[in-house]
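Breakdown of the fold
Now for the letters of each chain:
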Amino acid sequence: MGKRRLTKQQKWRIKKIQDERARRAERKESEAVEQLDAGDLSAEQKGLVIAHYGQQLDVEALDGDLKGQLHRCYVRANIDSLVTGDIVTWRAGSDNSGIIVARGDRHTALKRPDKFGQLKPIAANIDQILIVIAPEPEAHANLIDRYLVAAEAVEIPPKIIMNKKDLINDENQARITHLQSLYTKLGYDWIEVSSKSREGLAPLVKLLSNRTSIFVGQSGVGKSSLIQMLLPEENIRVGELSEGVRKGTHTTTTAKLFHMPTGGDLVDSPGIREFGLWHMDELTLAQGFVEFRPFLGACKFRDCKHQGEPGCALQSALEQGEIESSRMESFQRIRDSLDDQTIINTHD
Ligand code: GDP
Ligand code: ZN
């Protein structure tokens, strides 16, 4: 996530430029909407937002004569910001144009902070977050926990995909089995697959069907390779620039929705693949550890840090074996890193 710090003046200047741009775009947009309104428009129908391009969106007709067709649409004023995956009511114009007149309810919203730190939706109606890990680069429990917490915070069920199954060997087997048992005990699905040898493909295809998924995870685990395997017609670049190289640059490519030939939808963009932890309050963080939930609020001290204070409910759950020590360590580590972020933010 971009942690570039801006001075107040820089922020003000950026905002001024953005406001001016937005005003200009709005003027252009209302002209376009007027023109469309003047022509023939179809009756209202349901559509699905496939992608976003500046002021316009690609909408796929979900029913009627146009079902399956894409239309480049403008948005009628006073509709909340629309994102990929939104269900909309729209009216088709000529030449594959159209106007979106209303946004449907979202059952989930994937959110990320924008460069002003405000949480903004980046995709709607995602049903599951597939956290991709691999034997190489090595999957650390703490990193997996970070993704799980981020997914729990937006209330989208996460599942774990161990890719590069072909690289599981005598040397790393025990470590991987340990992770598998830890996370399946917590109730998370765990699937092993290889985008190289295509082992384990059938269970993955089944997991993806009839719903909308996103793939997230550390660079190098094989997200692009998996997506390329699932979308053979698309040109997905494998082994692209690592996150390290991209760091600091703001990823602007917006999310796009794909229909997989094997069934199910996939929403993808470089920004989505990097979906991860942002600054969150301590309760949201603790609730992100699903097995902590029954014990939260039960500690003797309201501001308990769960670090050995008397009457700590989490500590006693740990002693009873109801919480694994690696998860408790993760929680403490993530909380400490959030504290660091808070210190940075208060300087702004
Ligand atoms: P991403 O950064 O997560 O998108 O990862 P990529 O898809 O770019 O893959 C990173 C590297 O891992 C590439 O060199 C791939 O060829 C390799 N890779 C991807 N999937 C597998 C797999 O299932 N097995 C093996 N052995 N290598 C893989
Ligand atoms: Zn406690």
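In the block above lies the structure referred to throughout.
Residues numbered from 1 in each chain as written. Chains lettered and ligands numbered in written order. Predicted model: local features only at pLDDT ≥ 70, side-chain atom pairs only at ≥ 80, totals over all residues. Heavy atoms only, no water.

A short note on the coordination of the zinc ion (ligand 2)
Keep this limit in mind: Sites may look incomplete, because water is not among the atoms used; the donor set itself consists of N, O and S atoms within 2.8 Å of the metal (3.2 Å for Na, K and Ca). A four-donor site is classed as tetrahedral when every donor-metal-donor angle falls between 85 and 135 degrees; four donors are called square planar, and six octahedral, when trans pairs exceed 155 degrees and all remaining angles lie between 65 and 115, with any other arrangement labelled irregular.
The protein atoms that coordinate the zinc ion (ligand 2) are C299 (SG), C304 (SG), H306 (ND1) and C312 (SG), at distances of 2.1 to 2.4 Å. For the zinc ion (ligand 2), the four donor atoms in the first shell make angles of 101 to 113 degrees at the metal, a pattern classed as tetrahedral. Site description for the zinc ion (ligand 2): donor spacing in sequence, C-x4-C-x1-H-x5-C.

Details of the side chain of R112
Threshold: Helix numbering and strand numbering both begin at the N terminus, where a helix is a DSSP run of H or I of at least 4 residues and a strand a DSSP run of E of at least 2. Any residue under 20% of the maximum accessible area for its type is buried, any over 50% is exposed, and the rest in between are partly exposed; the area is computed with a 1.4 Å probe on protein chains only. Charge assignment: positive for Lys and Arg, negative for Asp and Glu; neither His nor the chain ends contribute. Counted as salt bridges are all cases of a side-chain nitrogen of Lys or Arg within 4 Å of a carboxyl oxygen of Asp or Glu. Between N or O atoms, a polar contact is any pair within 3.5 Å; within protein, one atom must be a potential hydrogen donor and the other a potential acceptor, and residues adjacent in sequence are included only when both atoms are from side chains.
Positionally, R112 belongs in strand β6 (residues 109-113). No salt bridge is formed by the buried R112, whose closest oppositely charged neighbour, E274, lies at an N-O distance of 4.9 Å. A polar contact is formed between the side chain of R112 and the backbone oxygen of G271, at a distance of 2.8 Å.

Some thoughts on the nonpolar core
Applicable threshold: Put simply, a nonpolar core is a bunch of buried Ala, Val, Leu, Ile, Met, Phe, Trp, Tyr and Cys residues held in one set by side-chain atoms that sit within 4.5 Å of each other. Contacts are residue-level and defined by heavy atoms, with any inter-residue pair within 4.5 Å sufficient.
Grouped together as the largest cluster of nonpolar side chains are 54 residues, with contacts concentrated most on L110, I129 and Y183. With seven residues, helix α2 (residues 141-153) is the largest single contributor of residues to this core. With sequence-adjacent residues up to four places away left out, L110 is seen in contact with K120, P121, I122, A123, I129, V154, I156, I214, I272 and F275. Of all hydrophobic cores here, the second largest spans 21 residues; its members include F215, I227, L230 and M260.

Here we look at the pattern of salt bridges
Taken as a whole and judged by the stated rule, the model has 12 salt bridges. The salt bridge partner of K305 is E282, with a shortest N-O separation of 3.5 Å. Taken as a pair, K305 in the loop between α8 (282-287) and α9 (313-319) and E282 in helix α8 lie far apart in primary sequence, 23 residues in all. Between R335 and E282 there is a salt bridge whose closest N-O contact spans 3.0 Å. Residue R335 is found in helix α10 (residues 325-347), and its partner E282 is found in helix α8; the two are separated by 53 residues along the sequence. Using a relative accessible area of 29% as the deciding quantity, one classes E282 as partly exposed. Connected through shared salt-bridge partners, D145, E291 and R327 make up one network.

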